[in-house]
Amino acid sequence: MRKTIVAGNWKMNMDLEEGLSLARSLDQYFRNTPSGKTEVIICTPFIHLTGVSDIIKGGSIKLGAQNCASEVSGAFTGEVSASMIKSTGAEYVIIGHSERRSYYHEDNDMLSKKTGIALDTGLNVIFCCGEVKDEREAGVHFNIVKCQLEEGLFNLDAEKMEKIIIAYEPVWAIGTGLTATPEQAQEMHKHIRSLVRDKYGNSVSDNMTILYGGSCKPSNAAEIFSNPDVDGGLIGGASLKKDDFVAIVEAG
Ligand code: PGA
């Protein structure tokens, strides 16, 4: 059965105390009001992971990081490895977010390496893909996403692919207030699912959770999530406000 997931991506926001306080109020809310069939994940900055992990223990919220190193361990000053992330209690990691691709020049080869290490460590991967505005305007968005998936993910075997959640995030919609229309989201999600089907078969593709991300908010989440190939969302800005995030989860 395909999971519905709403994942918050806090990005580089909130100091430790602010982050723990948001985690406490989300934890309290979802202990009292279970999110039903929707799984809730929060992807925090590295330094928040341990504290948030303690807060959510025994509850229903799951924890993730937003990136991991492309090496297993060793002399890589400033990096944080997948196994360090796992040791905090986190179960997920976002790989290939467009901000990592564009500001830190992470290419498909590097993302493929990170994904392999994260999976070997036992983390589940939220793998992001999506085209920039010029690519959509040029009509090459389907090909761009195909290439990101083929080069970044499709070297995995089927068993590992089952640990992947794909997040389609059109870059022109991230943090801009512009959202893909429900039709644009559905047609790309359908395309992604058919690429997964061609490579891995019906069972993997039918069970694959494909999230939409990009200016998702309480007012548009239900309509976007109601599409047959959209299985929830990856939420940036609106995940920083408890009430907005809860409303989006409840739209899931
Ligand atoms: P946004 O970000 O919801 O603020 O547009 C989404 C994301 O980057 O994951």
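It should be noted that the structure appears before, not after, this text.
Described below are features of the structure shown in this document. This one's a predicted model, so the numbers in the text were calculated from it and none came from an experiment.

Rules used throughout
Residues numbered from 1 in each chain as written. Predicted model: local features only at pLDDT ≥ 70, side-chain atom pairs only at ≥ 80, totals over all residues. Heavy atoms only, no water. Helix = DSSP H or I, 4+ residues; strand = E, 2+ residues; numbered from the N terminus. Buried < 20%, exposed > 50% of the residue type's maximum accessible area, 1.4 Å probe, protein only. Contact = heavy atoms within 4.5 Å. Lys, Arg positive; Asp, Glu negative; His and termini not counted. Charge placed at Lys NZ, Arg CZ, Asp CG, Glu CD. Core = buried A, V, L, I, M, F, W, Y, C linked by side-chain atoms within 4.5 Å. Disulfide = S-S within 2.5 Å. Pairing = 2+ DSSP bridges. Near = heavy atom within 4 Å. Polar contact = N/O pair within 3.5 Å; in protein donor to acceptor, adjacent residues only side chain to side chain. Areas by Shrake-Rupley, 256 points an atom, 1.4 Å probe, with all protein chains shown as cover. Right-handed = clockwise from strand over helix to strand, strands pointing away. Axes fitted to C-alpha atoms, helices over the stretch in contact; angles between N-to-C directions. Parallel < 35°, antiparallel > 145°, perpendicular 65-115°, else oblique. Left-handed = near helix turned anticlockwise from the far one by under 90°.

## So, the overall build of the chain
- Across its full length, the chain holds 12 helices and eight strands.
- On the principal axes, the C-alpha backbone points of the chain span a range of 45 × 45 × 35 Å.
- A burial count over the chain gives 52% of its 252 residues as buried.
- Contacts in the chain between residues at least 24 apart in sequence constitute 71% of all its contacts with a sequence separation of at least 6.
- Here the chain contributes 25 positively and 34 negatively charged side chains, and the mean placements of these two sets differ by 3 Å.

## Notes on the nonpolar core
- Counting residues in hydrophobic clusters, the biggest one holds 63 residues, and the most contacted among them are L149, M161, I164, I166 and I192.
- Considering each element in turn, this core owes the most residues, six residues, to helix 9 (residues 182–200).
- The contacts of M161, once residues within four sequence positions are left out, are L153, F154, L156, V196, Y200, V204 and M208.
- Formed by 12 residues, the second largest nonpolar core is a distinct cluster that contains A7, Y92, I126 and C128.

## With respect to the state of the cysteines
- Per the counting criterion, the structure on display carries zero disulfides.
- Residue C128 stays outside any disulfide, its sulfur separated by 7.5 Å from that of C129, the closest cysteine.
- As a non-bridged cysteine, C147 has C129 as the owner of its nearest cysteine sulfur, 11 Å distant.

## Observations concerning the pairing of strand 5 (residues 124–129)
- Burial within strand 5 is extensive, with six of its six residues counted as buried.
- The alternating pattern of strand 5 places N124, I126 and C128 on one face and V125, F127 and C129 on the opposite face, and all of these are buried.
- Both strand 4 (residues 92–95) and strand 5 contribute to a ladder of four bridges, which runs parallel. Residue pairing across strands places I94 opposite I126, the latter belonging to strand 5.
- Relative to strand 6 (residues 164–168), strand 5 is paired through five bridges, and the arrangement is parallel. Across the sheet, C129 pairs through a bridge with Y168, a residue of strand 6.

## Concerning the site of the ligand
- Of all residues adjacent to the ligand, which total 13 residues, the nearest are K11, H97, E169, G175 and S215.
- Between the ligand and G236, the relevant distance is 2.9 Å, taken from an oxygen atom to a main-chain nitrogen or oxygen of the residue.
- Between the ligand and G237 there is a distance of 2.8 Å, counted from an oxygen atom to a backbone nitrogen or oxygen.
- Expressed as a share of its isolated accessible area of 290 Å², the protein-covered part of the ligand is 95%.

## Description of the pairing of strand 7 (residues 210–213)
- The side-chain alternation of strand 7 yields two buried faces, one formed by I210 and Y212 and the other by L211 and G213.
- Bridge analysis of strand 6 against strand 7 gives three bridges, and the strand direction is parallel. Paired with Y168 across the two strands is Y212, which belongs to strand 7.
- Inspection of the sheet shows strand 7 paired to strand 8 (residues 232–235) by two bridges, in the parallel sense. Each bridged residue has a counterpart across the sheet, and for Y212 the counterpart in strand 8 is G233.
- Between strand 7 and its parallel partner strand 8, the chain crosses via helix 11 (residues 218–225), and the hand of that crossover is right-handed.

## A closer look at the packing of helix 1 (residues 16–32) against helix 12 (residues 242–251)
- Where helix 1 contacts helix 12, the two axes come as close as 10 Å, and the packing angle between them is 40 degrees. Our classification of the angle between helix 1 and helix 12 gives oblique. Crossing hand, helix 1 versus helix 12: right-handed. Contacts between helix 1 and helix 12 pair L22, S25, L26, Y29 and F30 from the former with K242, F245, V246, V249 and E250 from the latter.

## Observations regarding the environment of Q186
- Relative to the helices and strands, Q186 resides in helix 9.
- Judged by relative accessible area, Q186 falls into the buried class, the value being 13%.
- When the C-alpha atoms of Q186 and I61 are compared, they prove to be 27 Å apart, with 125 residues separating the residues in sequence.
- Apart from the residues lying within four places of it in its own chain, the contact partners of Q186 are N227, P228, D229 and V230.

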